[in-house]
Amino acid sequence: GDSVTQMEGPVTLSEEAFLTINCTYTATGYPSLFWYVQYPGEGLQLLLKATKADDKGSNKGFEATYRKETTSFHLEKGSVQVSDSAVYFCASTNSGYSTLTFGKGTMLLVSP
Amino acid sequence: DTAVSQTPKYLVTQMGNDKSIKCEQNLGHDTMYWYKQDSKKFLKIMFSYNNKELIINETVPNRFSPKSPDKAHLNLHINSLELGDSAVYFCASSQSQPNSPLHFGNGTRLTVT
C-alpha cells in the first residue's frame, strides 16, 4: 500500500537557520503530495501541495518540489522563525476521495 | 467563521463508559473523516463518509460507531471505553474531487482513566 516516510524529529534550529525536512513516498500511479502543519493545541492546516511531477508548492516562505525520480517531496525554508515551531506532516493521496496517507510527523523547534 | 468544529475539546472519562464526539463543518464539503492521533503524533484514518454514506472503515474496533445525520455532520460514538482509546481525535472534511485538501477541526483530547 501507499506509505510516506519523513525524517524523525525533533529538528532543533536557531532563528534564521535554513530548514530541510525530508519526505519520501511509495505509491502506485501518480499521487498528489502535501505538507500539513500542526501548531500546539490545534488541528492540521494545509501548508502547501503539488499535484504532479516537477510542481513546486510554496506558502509562507516554505517550498517543496515534487520529484518523481527520487519519489521525494522535501520541505525547505530559507530562514525559520520562532513562530514556525510546530509539527510538520508530509502526506500523499491517490484516491478520488482525498484519503490522505500521513507520515509520522516531524517536530520543529526554533529558538531565538 | 467557516470551519470544521468539534466538541468537546477535552473529554475525561472512566473505563467502561460510553461517550460521543460531535463534528460539524460549514464549508459545503461532501466528505468527512475521523482520524486518531496517538501520543507520538501518528495520524491514522478511522472512517470516511461521502454524502452520508460510509466509504472507508479502517480496522477499528466495533466499539467505535460513526453516524452522519447529514453531509455537514459526522459524530463518533465510542462504547465501553478502554485505556488504549486515549488519544486526540480529529474530524476533517473535504470535497470528493482528487487533490482536494482536508480541513481539520482542532481535535478532541480523550483521556480514559
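Residues numbered from 1 in each chain as written. Chains lettered and ligands numbered in written order. Predicted model: local features only at pLDDT ≥ 70, side-chain atom pairs only at ≥ 80, totals over all residues. Heavy atoms only, no water.

Side note on the overall build of chain A
- Helix and strand counts for chain A come out as zero helices and twelve strands.
- Along the chain direction, N to C, the helices and strands of chain A fall in the order β-β-β-β-β-β-β-β-β-β-β-β.
- Here the C-alpha atoms of chain A give a radius of gyration of 13 Å, agreeing with the 13 Å that 2.2 N^0.38 yields for 112 residues.
- Dimensions along the principal axes, computed over C-alpha positions, put chain A at roughly 45 × 30 × 20 Å.
- Counting every position in chain A, which comprises 112 residues, the buried fraction comes to 45%.
- Taking contacts inside chain A between residues at least 6 apart in sequence as the whole, the part at least 24 apart equals 54%.
- Of the accessible surface of chain A, which amounts to about 5200 Å², a share of 50% is contributed by carbon and sulfur atoms.
- Considering chain A, the positive charge centre built from 8 side chains and the negative charge centre built from 11 side chains are found 6 Å apart. (Helix = DSSP H or I, 4+ residues; strand = E, 2+ residues; numbered from the N terminus. Rg over C-alpha atoms; globule rule 2.2 N^0.38 Å. Buried < 20%, exposed > 50% of the residue type's maximum accessible area, 1.4 Å probe, protein only. Contact = heavy atoms within 4.5 Å. Areas by Shrake-Rupley, 256 points an atom, 1.4 Å probe, with all protein chains shown as cover. Lys, Arg positive; Asp, Glu negative; His and termini not counted. Charge placed at Lys NZ, Arg CZ, Asp CG, Glu CD.)

Considering the pattern of salt bridges
- Applying the stated criterion across every chain yields a total of five salt bridges over all chains.
- Its salt-bridge partner being Lys52(A), residue Asp55(A) comes within 3.3 Å of it at the nearest N-O pair.
- Arg63(B) is the salt-bridge partner of Asp85(B), the closest N and O atoms lying 2.8 Å from each other. Of the two residues, Asp85(B) sits in the loop between strand 8 (73-78) and strand 9 (87-94) while Arg63(B) sits in the loop between strand 6 (53-57) and strand 7 (64-70), which places them 22 residues apart along the sequence. For the pair Asp85(B) and Arg63(B), a shared accessibility class is recorded, and that class is buried. (Salt bridge = Lys/Arg side-chain N within 4 Å of Asp/Glu carboxyl O.)

Let's talk about the interface of chain A and chain B
- Contacts between the two partners involve 21 residues from chain A and, on the opposite side, 26 residues from chain B.
- Both sides of the chain A and chain B interface together cover about 1800 Å² of buried area, and 58% of this is carbon and sulfur.
- The tally of links between chain A and chain B comes to zero salt bridges.
- Where chain A meets chain B, there are four residue pairs in polar contact (both at pLDDT 80 or more).
- Of all elements in the fold, only strand 5 (32-38), strand 6 (44-50) and strand 10 (86-93) of chain A reach the threshold of two or more residues within the side of chain A that touches chain B.
- A per-class count over the side of chain A that touches chain B returns nine nonpolar, nine polar and three charged. (Buried area = accessible area lost by both parts, 1.4 Å probe. Polar contact = N/O pair within 3.5 Å; in protein donor to acceptor, adjacent residues only side chain to side chain. Nonpolar A, V, L, I, M, F, W, Y, C, P; charged D, E, K, R; others polar.)

Details of the side chain of Ser94(B)
- Here Ser94(B) is to be found in strand 9.
- Taking relative accessible area as the criterion, Ser94(B) reaches 0% and is therefore assigned buried.

Notes on the sheet that holds strand 1 (residues 4-7) of chain B
Residues and elements named next belong to chain B.
- Strand order in this open sheet of four strands is 1-3-8-7, and the pairing throughout is antiparallel. Since the sheet does not close on itself, it has two edges, and those belong to strand 1 and strand 7, each with one partner. Geometrically, the sheet is characterised by an average inter-axis angle of 20° between neighbouring strands, direction not taken into account. (Pairing = 2+ DSSP bridges. Axes fitted to C-alpha atoms, helices over the stretch in contact; angles between N-to-C directions.)

That's the geometry; what it means functionally is another story.
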